[in-house]
Amino acid sequence: MTELEKTDAKLSQSASAKMIYLSEYKKPDYQLDSVELRFELHETRTRVYSRLAFRRAPGAKTQAPLKLDGSHLELQVLKLNGETLAPDRYALDDDQLVIENPGQSFDLEVETQINPQANTALEGLYLSSGMFCTQCEAQGFRRITYFPDRPDVMSRYTVTVVADKQKYPILLSNGNKLEAGELDNGRHWVKWQDPSLKPSYLFALVAGDLACQEDSFTTMSGREVKLQLFTEAENIHKCDHALMSLKQAMKWDEDTYGREYELDIYMIVAVNDFNMGAMENKGLNVFNASCVLASPETATDQDYYRIQSIIAHEYFHNWSGNRVTCRDWFQLSLKEGFTVFRDQDFSADLNSPAVQRIDDVNVLRAHQFAEDSGPMAHPIRPDHYIEISNFYTVTVYNKGAEVVRMLCHILGREGFRKGTDLYFSRHDGQAVTTDDFVKAMEDANDVELAQFRNWYSQAGTPELVVDENYDADARTYSLTIRQYCPPTPGQVDKKPFHIPLAIGLLGSNGKELLSTQENTNIAKSEHMLALTKPEQHWSFSGVEEKPMLSLGRGFSAPVKMSLSHSDEALAFMFAHDTDEFNRWDAGQQLAIKIMLKRIDDYSAGEALPLEPMFIEAYRSTLNNRTLDKALVAQALSLPSESYLADQCEIVDVDAIHGVRQFMRQQLAEALADDWLRVYEENNVKIAYHFNAQDMAQRSLKNLCLSYLMELDSLDQSKAEHRQRCLRQFQQGDNMTDVLAALSIFNQHAMPERQQVLDAFYNKWQHDRQVVEKWFAIQAASSLAGALKRVRALMQHPAFSIKNPNLARSLIGRFCAANSVNFHLSDGSGYRFLAEQVLALDELNPQIAARLLQSLSRWRRFDPARQILMREQLERVAGHKGLSKDVYEIASRSLEG
Ligand SMILES: [Zn+2]
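Worth saying up front: this structure is predicted, and the values here are computed from it rather than measured. (Residues numbered from 1 in each chain as written. Predicted model: local features only at pLDDT ≥ 70, side-chain atom pairs only at ≥ 80, totals over all residues. Heavy atoms only, no water.)

A.B. asks: Describe the overall build of the protein, listing the residues and the values that go with them.
C.D. replies: Across its full length, the protein carries 26 helices and 31 strands. In terms of overall size, the protein behaves like a compact globule, its C-alpha atoms giving a radius of gyration of 28 Å where 896 residues would be expected to give roughly 29 Å. Dimensions of the protein, computed from the C-alpha atoms along their principal axes, are close to 85 × 65 × 65 Å. Here the protein holds 896 residues, and 61% of them are scored as buried. (Helix = DSSP H or I, 4+ residues; strand = E, 2+ residues; numbered from the N terminus. Rg over C-alpha atoms; globule rule 2.2 N^0.38 Å. Buried < 20%, exposed > 50% of the residue type's maximum accessible area, 1.4 Å probe, protein only.)

Written as structure tokens, this is what we have:
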């Protein structure tokens, strides 16, 4: 490892880069009784009139000043109780307006002017493809008007939107439409009133020329709710799936959590320029168009799946986030961890539970474990930040969901439901903390979860070391498990975690040795071990033979487990484990063991033959007709390069890619006939439907095709499979099959590659979501020369760095999903990233900061790459006028 000289001096001095601490939280001094807003919309000069009725909070000092947040605003008028405030009564700077001694109860009128067209940060009010829209989470509302922009100030909003009628016939905001009318000069207005209490981050406004598709849902108490999806007219045929998903989500939340929707209308708007996936604004969700619009010709199975899950996620927030919201932004996981858990559960219920679990764990292992072991490691409830936008992370979201899942394991389904019932009823209309959530779980179940709270305050991935012993005479099987959590920045010593660990014991015939009962609800099973100490022992009697330990079933806790299973034992589990997740995982662990050995030998240039046992394990899984096809496809996919990288002491990018690629070719050759037969069996001509069965069939078919194409790649004189792939590309009637074929060609240096890429663009150039895919695919091509192609594509007329989806598709994908080219030993990939981060920081700091994270784990690489990566981090960090967002990532990466 290379040690750093002092980098602090090189960091730019950013005046506003102030660290904010959870420990410094103070209740607001003033509460807001009501909010009246009037927007006079104009592309470059929008006027915002606000009238705020404040009241001093009980317990606040009589002299307490009123502090309002505001940035990028031009203050026009400021009146207290109807009188213009003299300049000596208030202080104004770049991000605050402070009024001294405003009184016990008072009316404040504020008039500001803003420029939505110049707002490329896409926070607050901005223009996207000719429509006005807003994004206020976390701190966007302060770019609209001076306001107590914090989630613990909740109020009732009345909003009037005024705009040119021809350009903006549709005017939307939260709640119910009260009145509408016409004005002179071709303008019109609509007045909205939201009966619910909400914080400013849930405010939304949309104005544009939009088409609408309607539907309705009857709630459990028999009320009819109008559902509306707004989009540009050319996309109106792509709304069915989202509306169907919304109705499924509404029903599921009633059935599973007893939660009913309370407003008369639920609106969703599709927006082209959007930083996030979607936003749960009260009654008016705003969605990134790519996360809501779908048709079989333009969207893949993955898109359909993702839309179903995101629609549900935003809907579920109506209870877990909106009605019960966060006290402060350190509590983000309160709403996000819980809601991700809810949407994962929903997707599992509607599709294949095992495949859903595998997908969830893949995300966690590839991205969250990496975050936990890098300089950005933070607990799911962080205790300090400079810019909260940087903490919308896989840790807060996905590990947060795992923590809620563990509570569900510990309490059981029924106990967990008792806990959520109490949580919702106790805190409806309040802004609360993660501690309040755990407290509700404790009170409803009469249990104590003090140690469990360590999951909220400690960062890092715990590691388990397992020793087992079988005493044949006594027929006793015993286990010793030690837990340990490596240090993370700012946290050297950790207290032990409370870890629910589901286990099973398998006999030589594959039968469960411990249990006679069904393992469907592991929470109720007697085999849920409760790890609470650094080292613990368990002993099981009456075990007839030396068992095979199936550990952490269903991935019951977000930990790393090391077990000394032999290759043969893993192959056995891969064939026999009754827990589908662990069955898949045994295959992954076996592949990883084999691959890590090869990665070590890679520099020696050895090409080891593939173990026959491994080939046979693959063959029997591929030919197993009783398994879910989606599970087979997952089982036969080698571990990702990023998960492999996480297993290596020092990441050797070329070796990881080379070994993985070589093993794919070996598997392709060894099972050539099997891949072809299974491909043909599943290549059936049926109309596209989004359902688990058809999706499974397509995923297995396309996996087979990708292995088959390795054969053509090995022997360029044959073109049999190339023809097959080309046929699928040309004749496929759904985007899943077409894109699968295109993606495969994209990874092979064949003349067909450019032909299909061109044909695809020519056919779909009018559809921006499909064009995003076209950029993303090319950015991920591991063929040589990718950076040159990415740079050329940035000049393509369809590309704009200002659009977050395009920036992510091309620049983001290249840096995060194309490791051989991004990590090229000449450092060209790193220089490219730094260049783009600096360019983007001027436009959209949130997106720039997210991109920069590809450099944050520089210490994991070889010394030569470390120097190159660090150089570029320092170049970014030393840049004058850096945003808080980018400054925080750069400085943490260098210090951490
Ligand atoms: Zn969310």
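A.B. asks: Explain the sheet that holds strand β11 (residues 131-135) to me, using residue names and the numbers behind them.
C.D. replies: Spatially, the four strands line up as an open sheet ordered β10-β11-β16-β13, and their pairing is antiparallel. At either end of the open sheet lies a strand with only one pairing partner, and these are β10 (124-128) and β13 (170-173). Shown here is a sheet whose adjacent strand axes are inclined to one another by a mean of 20°, direction ignored. (Pairing = 2+ DSSP bridges. Axes fitted to C-alpha atoms, helices over the stretch in contact; angles between N-to-C directions.)

A.B. asks: Please provide a residue-by-residue account of the coordination of the zinc ion, values included.
C.D. replies: Around the zinc ion, the protein contributes the donor atoms His 313 (NE2), His 317 (NE2), Glu 336 (OE) and Glu 336 (OE), at 2.0 to 2.6 Å from the metal centre. Angles of 55 to 152° at the metal separate the four donor atoms of the zinc ion, which places the site in the irregular class. Read from N- to C-terminus, the donor residues coordinating the zinc ion fall into the pattern H-x3-H-x18-E. Separated by 19 residues along the polypeptide, His 317 in the loop between α2 (301-316) and β22 (324-326) and Glu 336 in helix α3 (residues 332-350) bring together distant segments of the chain. Residues His 317 and Glu 336 agree in their burial class; the two are buried. (Donors = N, O, S within 2.8 Å, 3.2 Å for Na, K, Ca; no water. Tetrahedral: all angles 85-135°; square planar, octahedral: opposite > 155°, others 65-115°.)

A.B. asks: Could you give me a rundown of the environment of Arg 875, with the residues and numbers involved?
C.D. replies: Mapped onto the elements of the fold, Arg 875 is located in helix α25 (residues 863-877). For the pair Arg 875 and Cys 408, spaced 467 residues apart in sequence, the C-alpha to C-alpha distance is 46 Å.

A.B. asks: An account of a positive patch on the surface is requested, with residue identities and associated values reported.
C.D. replies: A cluster of basic residues, Lys 18, Lys 26, Lys 61 and Lys 67, forms a positive patch at the surface. Its place among the elements puts Lys 26 in the loop between β1 (20-21) and β2 (30-40). Residue class for Lys 26 comes out exposed when judged on its relative accessible area of 64%. (Patch = residues over 30% accessible without salt bridge, like charges linked within 9 Å, V, L, I, M, F, W, Y side chains within 5 Å. Areas by Shrake-Rupley, 256 points an atom, 1.4 Å probe, with all protein chains shown as cover. Salt bridge = Lys/Arg side-chain N within 4 Å of Asp/Glu carboxyl O. Lys, Arg positive; Asp, Glu negative; His and termini not counted. Charge placed at Lys NZ, Arg CZ, Asp CG, Glu CD.)

A.B. asks: An account of the packing of helix α23 (residues 828-843) against helix α24 (residues 845-852) is needed here, citing residue identities and associated values.
C.D. replies: Their axes nearest at 7 Å, the elements α23 and α24 cross at an angle of 160°. Between α23 and α24, the crossing angle belongs to the class labelled roughly antiparallel. Classified by chirality, the crossing of α24 by α23 is left-handed. Contact residues: Leu 833, Val 837, Leu 840, Asp 841 and Leu 843 in α23; Pro 845, Ile 847, Ala 848, Leu 851 and Leu 852 in α24. In terms of residue class, the contact of α23 with α24 is built from nine nonpolar, no polar and one charged. (Parallel < 35°, antiparallel > 145°, perpendicular 65-115°, else oblique. Left-handed = near helix turned anticlockwise from the far one by under 90°. Contact = heavy atoms within 4.5 Å. Nonpolar A, V, L, I, M, F, W, Y, C, P; charged D, E, K, R; others polar.)

A.B. asks: How would you explain the pairing of strand β26 (residues 476-484) if you had to name every residue and give the values?
C.D. replies: Where strand β25 (residues 463-471) lies against β26, nine bridges are found, and the strand directions are antiparallel. Pairing of Val 465 across the sheet is with Arg 482, part of β26. Where β25 hands over to β26, the hairpin turn is made up of four residues, of which Arg 475 adopts a positive phi near 50°. Pairing of β26 with strand β29 (residues 535-541), which is carried by seven bridges, proceeds in the antiparallel orientation.

A.B. asks: So what's going on with α23? Which residues, and what values?
C.D. replies: Here α23 spans 23 Å end to end across 16 residues, near enough to the 22 Å set by a 1.5 Å rise per residue. Considered for burial, the residues of α23 that qualify are Ser 828, Gly 829, Tyr 830, Phe 832, Leu 833, Ala 834, Gln 836, Val 837, Leu 838, Leu 840 and Asp 841. Those residues of α23 that are buried are in contact with α20 (786-793), α21 (804-817), α22 (819-822), α24, α25 and α26 (884-895). (Expected span 1.5 Å × (residues − 1).)

A.B. asks: How would you explain the packing of aromatic side chains if you had to name every residue and give the values?
C.D. replies: Taken as a whole, this structure holds 45 aromatic pairs when the rule is applied. Taken together, a centroid distance of 4.9 Å and an interplanar angle of 70° make the contact between Tyr 201 and Trp 329 edge-to-face. With Tyr 201 in the loop between β15 (187-198) and β16 (205-208) and Trp 329 in the loop between β22 and α3, this residue pair connects regions lying 128 residues apart in the sequence. Side by side, Tyr 201 and Trp 329 carry an identical accessibility label, which is buried. Over the ring of Tyr 157 we find Lys 198; its NZ or CZ atom is 4.2 Å from the centre of that ring. Positioned above the aromatic ring of Trp 319 is the side chain of Arg 259, whose terminal nitrogen or guanidinium carbon lies 4.5 Å from the ring centre. (Phe/Tyr/Trp six-rings, centres within 6.5 Å; stacked < 30°, edge-to-face > 60°. Lys NZ or Arg CZ within 6 Å of the ring centre and 35° of its normal.)

A.B. asks: Hey, could you go over the environment of Ile 268 for me, with residue numbers and the actual values?
C.D. replies: With respect to the helices and strands, the residue Ile 268 is situated in strand β19 (residues 265-271). Relative accessible area serves as the criterion here: at 1%, Ile 268 is assigned to the buried category. Through-space distance from the C-alpha of Ile 268 to that of Ala 242 is 9.4 Å; in sequence the pair is 26 residues apart. In contact with Ile 268, not counting residues within four places along its chain, are Gln 228, Leu 229, Phe 230, Leu 246, Asn 285, Phe 287, Val 292 and Ile 311.

A.B. asks: Kindly report on the sheet that holds strand β7 (residues 90-92), identifying the contributing residues and their values.
C.D. replies: Pairing is antiparallel across the open sheet formed by three strands, whose spatial order is β4-β8-β7. Here the strands that pair on one side only, and so sit at the sheet edges, are β4 (66-69) and β7. The mean inter-strand angle of the sheet, taken between neighbouring strand axes irrespective of direction, is 15°. Taken together, the four bridges between β4 and strand β8 (residues 96-99) define a ladder with antiparallel strand orientation. When the bridges of β8 are listed, Leu 68 appears paired with Leu 97.

A.B. asks: Explain the nonpolar core to me, and be specific about the residues and the numbers.
C.D. replies: Formed by 281 residues in total, the largest nonpolar core has its most connected members in Phe 39, Phe 203, Phe 614 and Phe 760. In contact with Phe 39, other than residues within four places in its own chain, are Arg 47, Val 48, Leu 125, Ile 144, Val 159, Thr 160, Val 161, Val 162, Phe 203 and Leu 205. (Core = buried A, V, L, I, M, F, W, Y, C linked by side-chain atoms within 4.5 Å.)

A.B. asks: Could you give an account of the environment of Gln 769, with specific residues and numbers?
C.D. replies: Mapped onto the elements of the fold, Gln 769 is located in helix α19 (residues 768-779). With relative accessibility at 10%, the residue Gln 769 sits in the buried group. Along the sequence, Gln 769 and Asn 272 sit 497 residues apart, while their C-alpha atoms lie 9.0 Å from each other.

A.B. asks: Explain the side chain of Arg 259 residue by residue, including any values.
C.D. replies: Within the secondary structure, Arg 259 sits in the loop between α1 (240-257) and β19. At 3.1 Å, the side chain of Arg 259 and the backbone oxygen of Tyr 257 are in polar contact. The residues contacting Arg 259, other than those within four sequence positions of it, are Asp 253, Glu 254, Trp 319, Asp 421 and Phe 424. (Polar contact = N/O pair within 3.5 Å; in protein donor to acceptor, adjacent residues only side chain to side chain.)

A.B. asks: Quick rundown of the pattern of salt bridges? Include the residues and the values.
C.D. replies: Side-chain pairs of opposite charge can arise where the charged atoms are in close proximity. Scanning the entire structure with this criterion turns up 62 salt bridges. For Arg 865, the salt bridge is made with Asp 654, and the minimal N-O distance between the two is 3.3 Å. Pair noted here: Arg 865 is in helix α25 and Asp 654 is in helix α13 (residues 653-670), with a separation of 211 residues, a long-range link. By relative accessible area, which is 34% here, Asp 654 ends up partly exposed. Arg 677 is paired through a salt bridge with Asp 674; the nearest N and O atoms lie 3.6 Å apart. With Arg 677 and Asp 674 both in helix α14 (residues 672-682) and three residues apart, this pair spans about one turn of that helix.

A.B. asks: Requested: an account of the packing of helix α16 (residues 720-731) against helix α17 (residues 735-746), with residues and values cited.
C.D. replies: Contact geometry of α16 with α17 gives a least axis separation of 8 Å together with a crossing angle of 140°. It follows from the interaxial angle that α16 and α17 lie oblique. Handedness of the crossing formed by α16 with α17: left-handed. Packed against α16, whose contacting residues are Arg 722, Cys 725, Leu 726, Gln 728 and Phe 729, the element α17 presents Asp 737, Val 738, Ala 740, Ala 741, Leu 742, Ile 744 and Phe 745 at the interface.

A.B. asks: Got a sec to walk through unusual backbone geometry? Specific residues and values, please.
C.D. replies: A cis geometry characterises the amide bond from Glu 137 onward to Ala 138, with omega recorded as 0°. Summarising the element assignment, Ala 138 is placed in the loop between β11 and β12 (155-164). Backbone geometry places Asn 185, a non-glycine residue, at a positive phi of 60°. Relative to the elements of secondary structure, Asn 185 occurs in the loop between β14 (176-182) and β15.

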